[in-house]
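Results of the structural survey
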Amino acid sequence: MLLKKITLLGAAVACAVVAGSAFAAYPDKPISVIVPFAAGGPTDVVARSLAQAMGLQIKGSMIVENVGGAGGTIGAGKVARAPGDGYTLLFHHIGMSTAPSLYRKLDFKPLEDFIPIGAVVDVPMTLIAKPQMTQTNLKDLLAYIRVNKEKINLANAGIGAASHLCGLLLQNAMKTELTTVPFSGTAPAITALLGGNVDILCDQSTNTTGQIKAGKVKAYAVTSKNKLANFPDLPPLASELPGFEVGVWHILYAPKNTPADVITKLQAGLQAAVKDPGFVSKMKDLGAEIMPADRQTSAGAKALLAAEIIKWSPIIQAAKAYAD
Ligand code: ASP
């Protein structure tokens, strides 16, 4: 009997040692960070900067993989079904909270299938237009859209993308229906805009800042409540459409069942990465705001996601903007 107890104790100690050493070794191979949009877009830009800064912190390599399509739901679904071993993560934005209302058939549950590691940045959006647009200010652009609504093509990065949400709010606020043209991410949408193949796009400043500063697209407004330091000449959309405000928050997730010690290590890496001076200055240049410390945690990020799911549901239902 005593011998059996000792053997059992020995086995438990051995297990603890194995588990401990497995964790100590994490990560011992590259971590794939799925971005559910095309490469070169605003979510991708932030994900790549974070992956670089965070990889240094956790002493491992974090490789961004783009799985675009259906407004981010294809990439998110892929991570929901991935093993919870810390080697497949998801970097997604506000679309995680709008998808359950937009998609009546969604193959993942945002609050149940993932463990948020922490929220990273909040990014304002900008209303931009093709270079050929002749209107010189927001008021004139909105008037032009109202009169020419049959002709206007509003681009987005797919149903459920932040650009889709912004376009939805714009059409609602203007009480105007426009033809929307979905892409697999902002990068191809901007290419179409630059070529004059679509007319307008509302998208994150993390991608549009460079195009606006280089004068390659026409810029008309920001979606933040107040003007932004990066664009002192651009009015908030709310100056013409009262109450219009949308910001694109981003969260890093692991699939459910990821061990708690892996989450803890990733969370510490995220919290240190967002203080990295290189990351901080890049985000500042692109108009992104680092999330407050209490959101850089699993609990804080989950509370944000849960609150946003509740916030957007009635707005999307009122707009009847379903994907199916
Ligand atoms: N900005 C895109 C969106 O509208 C996604 C992306 O390409 O990053 O959600």
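Up top is the structure these notes are about.
To keep things clear, this report deals only with the structure shown in the data block. If you're wondering where the values come from, they're calculated on a predicted model, not measured in any experiment.

A word on the site of the ligand. The full set of residues close to the ligand is Phe-37, Pro-42, Thr-43, His-93, Ala-157, Ala-161, Ala-162, Ser-163, Gly-185, Thr-186, Asp-203 and Gln-204. At a separation of 2.5 Å, an oxygen atom of the ligand approaches a polar side-chain atom of Ser-163. Structurally, the ligand is housed in the largest cavity. Of all elements in the fold, only helix H2 (42–58), helix H6 (162–174) and strand S7 (200–204) reach the threshold of two or more residues within the shell around the ligand.

Quick look at the packing of helix H4 (residues 95–102) against helix H11 (residues 298–319) now. Direction vectors running N to C along H4 and H11 enclose 45°, while the axes themselves pass 8 Å from each other. Between H4 and H11, the angle is such that the two are oblique. The handedness of the crossing between H4 and H11 comes out as right-handed. Only Leu-305, Glu-308, Ile-309, Trp-312, Ser-313 and Ile-316 of H11 make contact with H4, whose side of the interface consists of Met-96, Ser-97, Thr-98, Ser-101 and Leu-102. Among the residues forming the contact of H4 with H11, the class breakdown is 6 nonpolar, 4 polar and 1 charged.

With that settled, the discussion passes to the state of the cysteines. Under the definition given, this model contains 1 disulfide. The side chain of Cys-166 participates in a disulfide bridge whose partner is Cys-202; the two sulfur atoms lie 2.0 Å from each other. Torsion about the S-S bond of the Cys-166 and Cys-202 cystine: about 70°, corresponding to right-handed handedness. Note that Cys-166 is positioned in helix H6 and Cys-202 in strand S7, a separation of 36 residues in sequence. Judged by its relative accessible area of 1%, Cys-166 is buried. For Cys-202, a relative accessible area of 1% corresponds to the buried category.

What follows covers the pattern of salt bridges. Under the defined criterion, the tally for this structure stands at 7 salt bridges. Here Lys-78 makes a salt bridge to Glu-65, at a shortest N to O gap of 3.3 Å. Within this pair, whereas Lys-78 is found in helix H3 (residues 73–80), its partner Glu-65 is found in strand S2 (residues 62–66), the two being separated by 13 residues in sequence. Lys-256 serves as the salt-bridge partner of Asp-113, at 3.4 Å between the closest nitrogen and oxygen. In this pair, Asp-113 sits in the loop between H4 and strand S4 (114–129) while Lys-256 sits in the loop between strand S9 (247–255) and helix H9 (260–273), placing the two residues 143 residues apart along the sequence. A relative accessible area of 13% places Asp-113 in the buried class.

This brings us to the pairing of S2. Where strand S1 (residues 31–35) and S2 come together, 5 bridges link them in parallel fashion. The residue bridging Ile-31 from the neighbouring strand is Met-62, located in S2.

A separate point is H2. The terminal C-alpha atoms of H2 lie 24 Å apart, and with 17 residues this matches the ideal 24 Å at 1.5 Å per residue to within 8%. The element H2 is extensively covered by neighbouring structure, given that 13 of its 17 residues are classed as buried. Backbone geometry just after H2 places Lys-59 at a positive phi near 55°.

Here the focus is helix H7 (residues 186–194). Along H7, the positions that sit buried rather than exposed are Thr-186, Ala-187, Ala-189, Ile-190, Ala-192 and Leu-193. Residues of H7 that are buried sit in contact with H2, S4, strand S5 (153–156), S7 and helix H8 (205–213).

Another point: the environment of Phe-231. The residue Phe-231 is located in the loop between strand S8 (218–222) and S9 in this model. The spatial distance from the C-alpha of Phe-231 to the C-alpha of Ile-212 is 9.2 Å, given a sequence separation of 19 residues. If sequence neighbours within four positions are ignored, Phe-231 has contacts with Thr-126, Ser-205, Thr-209, Ile-212, Lys-213 and Val-222.

The computed volume of the largest pocket comes to approximately 540 Å³. Every residue lining the largest pocket is counted, 25 residues in all, and those nearest its centre are Asp-122, Val-123, Pro-124, Ser-224 and Glu-289. For the lining of the largest pocket, the elements supplying multiple residues, two or more each, are S4, S9 and H11. Broken down by element, the lining of the largest pocket gets its largest block of residues, 4 residues, from H11. Along the lines of polarity and charge, the residues of the lining of the largest pocket split into 11 nonpolar, 6 polar and 8 charged.

The rules we used
Residues numbered from 1 in each chain as written. Predicted model: local features only at pLDDT ≥ 70, side-chain atom pairs only at ≥ 80, totals over all residues. Heavy atoms only, no water. Near = heavy atom within 4 Å. Polar contact = N/O pair within 3.5 Å; in protein donor to acceptor, adjacent residues only side chain to side chain. 1 Å grid on protein atoms, 1.4 Å probe; cavity = no way out; pocket = protein on both sides within 12 Å on 5 of 7 lines; lining within 4 Å. Sits in = over half its atoms within 2 Å of the grid points. Helix = DSSP H or I, 4+ residues; strand = E, 2+ residues; numbered from the N terminus. Axes fitted to C-alpha atoms, helices over the stretch in contact; angles between N-to-C directions. Parallel < 35°, antiparallel > 145°, perpendicular 65-115°, else oblique. Left-handed = near helix turned anticlockwise from the far one by under 90°. Contact = heavy atoms within 4.5 Å. Nonpolar A, V, L, I, M, F, W, Y, C, P; charged D, E, K, R; others polar. Disulfide = S-S within 2.5 Å. Buried < 20%, exposed > 50% of the residue type's maximum accessible area, 1.4 Å probe, protein only. Salt bridge = Lys/Arg side-chain N within 4 Å of Asp/Glu carboxyl O. Pairing = 2+ DSSP bridges. Expected span 1.5 Å × (residues − 1). Points joined across faces, edges and corners; volume = space filled by probe spheres on them.

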